[in-house]
Amino acid sequence: QVQLVESVGGLVQPGGSLRLSCVASGRAFSIYAMGWYRQAPGKEREFVAAISWDGGNTDYAASVKGRFTISRDNAKNTVYLEMNSLKPEDTAVYYCNAKRAVSNYWGQGTQVTVSS
């Protein structure tokens, strides 16, 4: 299986930036695609971004496209989510995800709050 350890989120002002990281560990972890999801108060968990480990292809939710960037560092077994031009509606708990076929693993989640 895969274990996921996320960085601490934080409090940022509207228009600010923040980078999240998630370190993956476990045997054969490199075969998993990685992604980020988020859940705001009173809402369901939603897809944010994903990246393939075998080609660097990325995918983004329409609400974050052009503002967020997902990337990876294979040497450090780490996936990142760089968030720019943050808005109050980006406030949520952000979850790291690892996926392969029918297997799906989640991090503990990290709080990101965008407020003035």
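Chains are numbered independently. Their residues run from 1 in the order of the written sequence. Where totals are concerned, whole chains, interfaces and linings use all residues; where local detail is concerned, this predicted model gives features only for residues with pLDDT of at least 70, and gives and counts side-chain atom pairs only at 80 or more. Hydrogens and water molecules were not included; the side-chain quantities draw on all heavy atoms of the structure.

Draft legend 1. The arrangement of the overall build of the protein in detail. Along the backbone of the protein there are zero helices and 11 strands. Order of helices (α) and strands (β) in the protein, N terminus to C terminus: β-β-β-β-β-β-β-β-β-β-β. A radius of gyration in this sense is built from C-alpha atoms; the matching globule rule multiplies 2.2 Å by the number of residues raised to 0.38. In terms of overall dimensions, the protein is globule-like: its C-alpha atoms have a radius of gyration of 14 Å, near the 13 Å expected for 116 residues. Viewed in the frame of its principal axes, the protein has a C-alpha envelope of about 45 × 25 × 25 Å. The buried label applies to any residue whose accessible area, calculated with a 1.4 Å probe on protein chains only, is under 20% of its type's maximum; exposed applies above 50%, and partly exposed to all values in between. Counting across all 116 residues of the protein, residues that qualify as buried make up 39%. Working rule for contacts: check all heavy atoms of both residues, and any pair within 4.5 Å makes them a contact. Of the contacts made within the protein by residues no fewer than 6 positions apart, 51% connect residues no fewer than 24 positions apart. Numbering of helices and strands starts at the N terminus; helices are DSSP runs of H or I of at least 4 residues and strands are runs of E of at least 2.

Draft legend 2. The pattern of salt bridges, seen in detail. The term salt bridge refers to a side-chain nitrogen of Lys or Arg lying within 4 Å of a carboxyl oxygen of Asp or Glu. Enumeration according to the criterion identifies three salt bridges in this entry. The salt bridge involving R38 is made with E46; its shortest N-O contact spans 2.7 Å. We note a salt bridge from D90 to R38, for which the minimum N-O separation is 3.0 Å. With D90 in the loop between β8 (78-83) and β9 (92-100) and R38 in strand β4 (residues 33-39), the pair connects residues that are 52 residues apart, well separated along the chain. Neither residue differs from the other here; D90 and R38 are each classed as buried. Several salt bridges converge on common partners, so that one network encompasses R38, E46, R67 and D90.

Draft legend 3. Main features of the state of the cysteines. To count as a disulfide, a pair of cysteine sulfur atoms needs to be within 2.5 Å. Across all of its chains, the model carries one disulfide by this definition. What pairs with C22 in a disulfide is C96, and their sulfur atoms sit 2.1 Å apart. Around the S-S axis, the bridge from C22 to C96 shows a dihedral of about -85 degrees and counts as left-handed. Residue C22 is located in strand β3 (residues 18-25), and its partner C96 is located in strand β9; the two are separated by 74 residues in the primary sequence.

Draft legend 4. Just the packing of aromatic side chains, in detail. Two aromatic rings, drawn from Phe, Tyr or Trp (for Trp, its six-membered ring), form a pair once their centres lie within 6.5 Å of each other, and the interplanar angle then sorts them: stacked below 30 degrees, edge-to-face above 60, tilted otherwise. By the definition in use, this model includes three aromatic pairs. Between Y32 and Y105 the ring centres are 5.8 Å apart and the planes differ by 70 degrees, which places this aromatic pair in the edge-to-face class. Pair noted here: Y32 is in the loop between β3 and β4 and Y105 is in strand β10 (residues 103-106), with a separation of 73 residues, a long-range link. When the centroid spacing of 5.6 Å and the interplanar angle of 75 degrees are considered together, the rings of Y37 and F47 count as edge-to-face. Of this pair, Y37 sits in strand β4 while F47 sits in strand β5 (residues 46-51), and the two are 10 residues apart along the sequence. Residue class for Y37 comes out partly exposed when judged on its relative accessible area of 22%. Following the ring pairs from residue to residue traces out a cluster consisting of Y37, F47 and W106. By the criterion adopted, a ring carries a charge over it if an Arg CZ or a Lys NZ lies within 6 Å of its centre and within 35 degrees of its normal. We note R45 situated over the ring of Y95; from NZ or CZ to the ring centre the distance is 3.8 Å.

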